[in-house]
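Notes for the structure review
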Amino acid sequence: MTAPEPVRLVSLLSTSCRALQDSCSTIYIHRRSKMGCRRKGLGLWLVAGSVFPLAAMSSNGVVEVYPKRPITLVVGFPPGGGADVVARQLAGQMTIDLGQNVILAYRPGAAGNIGAAAVARSPADGYTVYLGVRPAALHKSLFKGIDYDFAKDLVPIGMVARVPYVLLMGKHVAATSLQDAFAQARARPDAFTCASPGLGSTNHLLCEDLKEKAALPWAHVPYKGEAAAMIDLIGGRADFAVASVPGALSYIAADNVRPMAVFAENRVSAIAAVPRMEEHGYGGIDAHGWCAIMAPAGTPSYAISRLNRAINAAVSNVEVRKKLVRLGYVMPGADNTPEALEKFLVEDTARWTEILAQWQIKGLQ
């Protein structure tokens with residue numbers, strides 16, 4: 001058997017090679033004689049100075065090099081929004097780690113589901129991936145007209161960031177505290193409203209969850225996006241709103257709205273003075289949104305593994321972490337594996353599907 005032509009590697013082929021990563025940044029497979037290949041396998045020449053792709057042996061014995069061309073990261077939302085900010089930070093660092101460009105492609109619509117469906121139909125070769133969000137995982141309940149199955153047609157690679165939410169109160173509300181505001185709401189049924197960016201959004205579900213747990217007779221009002229909800233909250237046409245912390249930060253900084261509590265297990269660094277909902281006596285209403293990278297089902301395991309390492313390298317980068325935390329995001333923990341993400345997605349989807357059914361929130365299409 002003739003050994004393959006010299007090829008560049010981006011990932012380490014063995015434990016011993018991994019130990020040399022700090023001092024060696026490119027590995028080439030060297031042509032060996034038939035006898036040498038049988039006796040010792042592929043010889044390795046170590047050449048310093050550049051990034052190297054991963055070579056993996058496929059099931060048919062062919063050496064696969066990955067990545068050997070640019071990777072497309074599909075974002076299901078328009079440029080300029082929160083998902084775009086996360087995607088740009090991720091793509092920049094992944095490009096450095098992988099040695100190939102990670103190119104952003106925007107396929108907005110149906111709360112990210114248009115992009116998800118497009119990726120689900122893409123070749124499962126590791127060169128097209130998707131920045132997933134919760135509404136895509138809930139598409140069977142919310143977007144029944146979209147022809148794909150998030151749980152079956154996409155596979156998890158790694159978590160990128162979690163998105164905490166905050167309860168905002170309009171400055172026109174004559175209350176000095178959250179407890180005071182809630183007391184007023186209970187005393188005046190249907191007098192107060194809670195705004196969200198739309199039906200079925202995590203914001204909407206949190207409005208409903210808080211309404212039930214705090215016995216609030218307020219009315220939910222859906223808007224076409226977070227910005228529209230903020231405009232009416234500031235203008236006094238909505239009384240409360242549930243917003244993502246990244247989306248609310250500029251309004252909080254400008255003192256246009258009052259942040260009352262975060263829906264999170266821990267306080268959020270970007271607004272550390274704002275207490276958790278549990279500190280007000282309302283536990284069990286923790287619900288981060290999330291951004292995670294998914295690939296078409298059937299994507300080779302070597303590509304999944306290499307992409308996961310690149311994601312973890314990106315979210316571990318000090319500058320990336322500082323920027324995203326400053327913008328209100330929460331970074332993933334150390335156990336950021338495809339298996340951990342799959343477990344999270346199964347549990348998260350089951351939880352919110354049950355809530356949608358409980359409150360009879362109908363599909364949007």
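Residues numbered from 1 in each chain as written. Predicted model: local features only at pLDDT ≥ 70, side-chain atom pairs only at ≥ 80, totals over all residues. Heavy atoms only, no water.

Section: the packing of aromatic side chains
Stated precisely, the cut-off is as follows: Pairing of aromatic side chains here covers Phe, Tyr and the six-membered ring of Trp, requires ring centres within 6.5 Å, and sorts the geometry by plane angle: under 30 degrees stacked, over 60 edge-to-face, intermediate tilted. Lysine NZ or arginine CZ positioned within 6 Å of the ring centre and within 35 degrees of the ring normal marks a charge as sitting over the ring.
All chains considered together, the criterion is met by eight aromatic pairs. Through successive ring pairs, a cluster of aromatic residues spans F182, F192, W218, F240 and Y282. Its end group placed over the ring of Y127, R69 keeps NZ or CZ at 3.8 Å from the ring centre. For the cation-ring pair, R162 lies above F344, with the distance from its terminal atom to the ring centre recorded as 4.6 Å.

Considering the layout of surface pockets
Selection criterion: Cavity: a set of points on a 1 Å grid over the protein atoms alone where a 1.4 Å probe fits but cannot get out. Pocket: an open set with protein on both sides within 12 Å along at least five of seven lines, its lining residues, like those of a cavity, having an atom within 4 Å of a point. Grid points are joined across faces, edges and corners, and a volume is the space filled by probe spheres set on the points. We call Asp, Glu, Lys and Arg charged. Ala, Val, Leu, Ile, Met, Phe, Trp, Tyr, Cys and Pro are nonpolar, and the rest, Gly among them, are polar. Each domain's limits were defined by an automated method or a database of domain assignments. Helix and strand assignments come from DSSP, with helices taken as H or I runs of at least 4 residues and strands as E runs of at least 2, each series counted from the N terminus.
The space that makes up the largest pocket amounts to roughly 940 Å³. Broken down by class, the residue content of the lining of the largest pocket amounts to 21 nonpolar, 11 polar and two charged. Looking at the lining of the largest pocket, you find at least three residues from each of domain 1 (71-162 + 288-359) and domain 2 (165-280). As a volume, the second largest pocket reaches approximately 500 Å³. Considering the residues around the second largest pocket, the lining is formed by 19 residues, among which M159, R162, E265, H288 and F344 are closest to the centre. Looking at the lining of the second largest pocket, the elements that each hand over two or more residues are β9 (154-163) and α14 (338-358). When residues of the lining of the second largest pocket are assigned to their parent elements, the largest contribution, six residues, is made by α14. Residue composition of the lining of the second largest pocket, grouped by class: eight nonpolar, three polar and eight charged.

Digging into the sheet that holds strand β6 (residues 71-75)
Formally: Strands were regarded as paired on the criterion that DSSP finds at least two bridges between them. To get an axis, fit a line to the C-alpha atoms, keeping to the stretch in contact for a helix; angles then go from 0 to 180 degrees between the N-to-C directions. Residue contacts are defined here by distance: any two heavy atoms, one from each residue, within 4.5 Å place the two residues in contact.
One open sheet holds the five strands; their spatial order is β7-β6-β8-β15-β9, and the pairing between them is mixed. Only two strands of the sheet have a single partner each, and these edge strands are β7 (102-106) and β9. Looking at each pair of strands side by side, their axes are set apart by 25° on average, direction ignored. Of the strand pairs in this sheet, β9 and strand β15 (residues 289-296) are connected by eight bridges, and their pairing is antiparallel. Residue R162 lies in a different strand from β15, and its bridge partner there is W290. Contacts from helix α4 (residues 113-120) reach β6, β8 (128-132), β9 and β15 within the one sheet, and its direction differs from that of β8 by about 150°. α14 contacts β9 and β15 of the sheet and is inclined by roughly 80° relative to β9.

Structural notes on the side chain of D348
We count it as follows: Two N or O atoms form a polar contact when they lie within 3.5 Å of each other; inside protein one atom must be a possible hydrogen donor and the other a possible acceptor, and for residues adjacent in sequence the pair counts only when both atoms belong to side chains.
Position of D348 among the secondary structure elements: in helix α14. A polar contact of 3.1 Å, which involves the side chain of D348, links it to the side chain of W290. When near neighbours in sequence (up to four residues on either side) are disregarded, D348 contacts R134 and W290.

Concerning the sheet that holds strand β14 (residues 257-263)
Spatial ordering of the open sheet is given by β12-β11-β13-β10-β14, a layout of five strands whose pairing is mixed. Of all the strands in the sheet, the pair left with one neighbour each is β12 (219-222) and β14. Each neighbouring strand pair of the sheet contributes to a mean axis angle of 30°, computed without reference to strand direction. Bridge count for strand β11 (residues 193-196) against strand β13 (residues 240-244) is two bridges, and the pairing is parallel. Looking at the pairing, C194 lines up with F240 of β13. Here helix α9 (residues 202-213) sits on the sheet in contact with β10 (165-170), β11, β12, β13 and β14, set at roughly 135° to β13. Along the sheet face, helix α10 (residues 226-234) touches β10, β11, β13 and β14 and points at about 145° away from the line of β13.

Description of the pairing of β13
Put simply, the rule is: Each residue gets one of three labels from its accessible area relative to the maximum for its type: buried under 20%, exposed over 50%, partly exposed in between, using a 1.4 Å probe on protein chains only.
Most of β13 sits inside the fold, with five of its five residues counted as buried. Here β13 shows no split at all, with F240, V242 and S244 on one side and A241 and A243 on the other all buried. Looking at chain direction, β10 and β13 are connected through five bridges and run antiparallel. Bridged to Y165 within β13 is S244.

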